[in-house]
Amino acid sequence: MSSRVSMLGAARQDVAAARGLARAAQAGAEEARAETRRRYEVIRGAHDTCLAALTEARETAREEIFDRFHGEAVARAGVLGRLAAACAPGPAGAPWPAWRPAAGGRAGLLRIGTIAVDEDVPTVLALIPLLDRAHLEITREPDDGDGRHHRASTADGLIAGLLLRALGGTPAGDLRIWAYDPDRLGGSLAGFAPLAAAGVLTSVGPGGLTTMLDELVEHVRRINETVLAGRYRTLADRPGRRPEPWRVAVLLGDGAELTAPQRAQLDRLVRTGVAAGVHLIARDVPLAEHPDVERVHLTGRAAHCDTAGVLPVRLDPPPPAEQTSAVCRELAEALSAGPPPALLADLLPARLWQESAAAALTAPVGVGPDGEPIEVTLGDDPPHALIGGPSGSGKTNLIYAWLGALAARYSPAELALYLLDFKEGVSFARFAPSPRDPSWLPHVRLAGVNVNDDREFGLALLRHLSAELQSRARAAKRVEAGKLAELRAEDPDGAWPRIVAVIDEFQVLLGGRDAVTAEAATLLEDLARRGRSQGIHLVLASQDVSGIEALWGRPGLVAQFTLRIALPKARRILAETNLAADVIPRHHAVVNADSGAPSANRIARLPDAGDRRAWRSLQERLWRLRPPGATPPRLFDGDAVPSCPDFPASDGAPRAALGEAIDVEARPAYVTMPRAPGRNLAILGTRGEDAAAILASAARSLAASAPGARFSVACPDPALASLIAPLRAALPTATFHLGSAAPDLFAAVAADLLGTAPDRPAPHYLLGLALDASPAPGSAGPTGARRGVIPPPAHAPGVPARTPDALRTILEQGPERQVHVLGWWRSVARLRDGLGGIAARFDAIGAWVALDAHGADLAPLSPAPGGPAWFPRPGRALCFDRSTDHSPRVIIPYAPSGSAEPAAETGGG
Ligand SMILES: Nc1ncnc2c1ncn2[C@@H]1O[C@H](COP(=O)(O)OP(=O)(O)OP(=O)(O)O)[C@@H](O)[C@H]1O
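A few points on the structure. (Residues numbered from 1 in each chain as written. Predicted model: local features only at pLDDT ≥ 70, side-chain atom pairs only at ≥ 80, totals over all residues.)

### Digging into the sheet that holds strand 5 (residues 201-204)
For step 1, the next point in the chain: Taken in spatial order, the 10 strands make up an open sheet running 2-1-10-9-8-3-7-6-4-5, and their pairing is mixed. Where the open sheet ends on each side, the last strands, each with one partner, are strand 2 (124-129) and strand 5. Across the sheet, the mean angle from the axis of one strand to that of its neighbour is 30°, orientation sign disregarded.
For step 2, the next point in the chain: Sheet topology note: the strand 9 (residues 302-305)/strand 10 (residues 313-315) ladder contains two bridges and is antiparallel. Within strand 10, the residue paired with Ala-303 across the bridge is Val-313. (Pairing = 2+ DSSP bridges. Helix = DSSP H or I, 4+ residues; strand = E, 2+ residues; numbered from the N terminus. Axes fitted to C-alpha atoms, helices over the stretch in contact; angles between N-to-C directions.)

In structure tokens:
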């Protein structure tokens, strides 16, 4: 039993030991567990801290990235926005409320809307290419019932906006539109309707597509062949003004398939149109794949296009309908008014007077369709020009433009101008100084205005040019020069400007059947033939077909005028087969340097050179440049009455000035009064004031050239005494014998002549007014009117009929003893009566002046059988000096000087 107890005790001990061990193990495990937990807590704390730091770092980095992205996006959008705005200036990019047409804009990119990446990022203009760049294909999301119409109008609004921007940014008339709209018959582009009347818009109905495509293909072909002509790849590459308008064809598809030929033409246009300025805008009409096609796809009011790539475009609203139609109306009006005239400034060089005229004179007269100047040359070939056009077609204006362009290029040392206008008016007067404008054109040597009937002045000009031609020919011969360029090279110090003589309405000069026409034609022919080598060039202008035809009758003459300029509707200036002048619009000219052959036509748009302000500013610039000592041009004004100049003393025989010679120089027409038989002067006709003015200028010039001469003035008819006023003013020391004192004077002088008195030391001039009022020797005195002549009083009251031969004696015997009569007889018949009646000879009348006496009446005094061809005209007289002239000359009596005075007799009566 003890063993059992001991065994139990041992067992109990073992159990206690085991329990102790177990407790110890548990305590260890507990401790280990606590340690592990503590470590876990440490690690977890570290992890949380790390996670928080990482989160913070990530957030910071994210914010930084966002900020950077936003900043860059804003900056890039700003740059892009500026770039886009620069690419589409003015009408190409302005929003509709601020939109205005401005033709100076560039063709190319056009705004359709905006691109907005983000709300905070500035918007950028969405631009697409068109003119000279691309065709446009516009597609839409597939039909979805109600949405279809809405999206079609969005597309049409987009097209309207593009067309308006393109029209507003290009010069009027430089863009033509074809609109194919089978669905709405043009209704979708209604705002553009005003353009139809101006030929800018062509609406094409359902059946017209084929024709339209064919026409456009034909345009492309023609432009390639004739305008690009292998020299340029595209129209845009061609320098200068655009020669062809852009053509934009708008195709608004209705879902119908194109026929095969239509598709083929459309494909051709896609491939070749852009280079020739022919563009397609196709809505719902697919275009072939080609780099020239820009595609725009619409989704509602948004769009995607090739240029913007993935960026969505928010489309602009369409332009307001009123704005579209107002702009189109204005454009149509501007086009109907015709092209704006070119400007005189377009013809002027950058620097004045830089050209040499040695070889030729070259200057533009206008600008061509491409904006390039149309130059014409006067030189060896062509040497002379013919200008034609009906009245008002712009001949004078063309002459101004040409002269302005020449005068700006060539200095007065290189170019001299002689200008003559045979029609009424003062077109060339502007080149001479006037009270309103002291400037003059320094190149002009002579300007003739209001020449009208004074064909003699035209003849004088031709004689002057002919003399210049002879002198140049002599100079050229001396240095063996064949033409002006050689003469100038041989004689560099000589003054050899090229001469241009312009004669407007030249046919007047060739219009008579008389000596003037005959001589003018001969001189013209000579100048035309030989002028080319001597640098003398003729420019003849005419509105009159008959004038040109008069030239045609002289083939030798007309062949020299190889430069022809025809204004609208000019006849016979160009070749028979050349009809260009019939079709050019106003303010244009056909310029042809090959005698009018059609192949040499050039069409010039002419500036309004007649505009006074434009002309004046040019003339003033040239005038300020004039060389020192330059003298103003001689202005011959056919309507002006010259005043009597102061006559210089002269050494030669005493001379009497009868008036102003019709000549290039404004000089007096003299007859000399030497001591020789017959040196008397008869003034014939009824114009008393002219007769008195002629006697006054004759007296003044005699007083200046015959110092010590004695003057006696006789007027047998007291009723005409008022006419002696100019003589009183001219001759303060003369004696005056009126009425019955006149025959006394004649009797005394005649008695003196017949007596044995010694020769007088100085001449004695007897100036007589209405000498036919004296009783005629051997006749019953003057009777009645003859041939419309105003009859003098039958007999001056109180004039005794004594000494009837006294005056005749003086006329016949006076001159060789220095007694000369300068008298006025009111008709040739009365002069004849004074000289002895019907069989009287006129030997005593060495010189005469005819006023309103007709040529036939002058036959007995004239070397030409039947008398000179003279039809009296106001303010002109015909004079003839038997000792110097071979034919009579036309003169202009000077204005009478001295006021009309009451008659006052100096002699008895
Ligand atoms: N290129 C132009 N631009 C603007 N106006 C012009 C132009 N050419 C002519 N004119 C105007 O037309 C009118 C007639 O012109 P111009 O006097 O030159 O014609 P013309 O042929 O000489 O006429 P006429 O023979 O009757 O004298 C003038 O008022 C002129 O100002």
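### A few points about helix 17 (residues 741-754)
For step 1, the next point in the chain: The terminal C-alpha atoms of helix 17, which comprises 14 residues, lie 20 Å apart, in line with the 20 Å expected from a rise of 1.5 Å per residue.
For step 2, the next point in the chain: Among all positions of helix 17, only Ala-741, Ala-742, Pro-743, Asp-744, Leu-745, Phe-746, Val-749 and Ala-750 are buried.
For step 3, the next point in the chain: Those residues of helix 17 that are buried are in contact with strand 25 (710-715), strand 26 (735-738), strand 27 (764-768), helix 18 (806-813) and strand 28 (819-825). (Expected span 1.5 Å × (residues − 1). Buried ≥ 20, exposed ≤ 12 C-beta atoms within 10 Å, placed from the backbone. Contact = placed C-beta atoms within 7 Å.)

### Some details on the pairing of strand 30 (residues 877-881)
For step 1, the next point in the chain: Burial analysis of strand 30 places five of its five residues in the buried class, which makes it a mostly covered element.
For step 2, the next point in the chain: Taking every second residue as pointing to the same face, both faces of strand 30 are buried, with Ala-877, Cys-879 and Asp-881 on one and Leu-878 and Phe-880 on the other.
For step 3, the next point in the chain: Relative to strand 30, strand 29 (residues 847-850) runs antiparallel, the two being bridged by four bridges. Looking across to strand 30, one finds that Trp-848 is bridged to Phe-880.
For step 4, the next point in the chain: For strand 30 and strand 31 (residues 889-892), the ladder comprises three bridges, and the chain directions are antiparallel. Residue pairing for strand 31: Leu-878 is matched across the bridge by Val-890.

### Considering the nonpolar core
For step 1, the next point in the chain: Formed by 178 residues in total, the largest nonpolar core has its most connected members in Val-365, Leu-684, Leu-695, Ala-699, Trp-848 and Val-849.
For step 2, the next point in the chain: Counting only domains with at least three residues in this core, you end up with domain 3 (361-637) and domain 4 (674-686 + 752-892).
For step 3, the next point in the chain: Sequence-distant contacts of Trp-848, that is, excluding residues within four places in its chain, are made with Leu-681, Ala-682, Leu-684, Leu-861, Cys-879 and Phe-880.
For step 4, the next point in the chain: Core analysis: the next-biggest nonpolar cluster, separate from the first, contains 71 residues, Leu-127, Trp-178, Ala-276 and Leu-287 among them. (Core = buried A, V, L, I, M, F, W, Y, C linked by C-beta atoms within 7 Å. Domains from an automatic or database assignment.)

### As for the site of the ligand
For step 1, the next point in the chain: Neighbouring the ligand are 16 residues; Ser-391, Gly-394, Thr-396, Asn-397 and Asp-608 lie closest to it.
For step 2, the next point in the chain: Each residue belonging to the shell around the ligand can be placed in one class, and the counts come to three nonpolar, 10 polar and three charged. (Near = placed C-beta within 6 Å. Nonpolar A, V, L, I, M, F, W, Y, C, P; charged D, E, K, R; others polar.)

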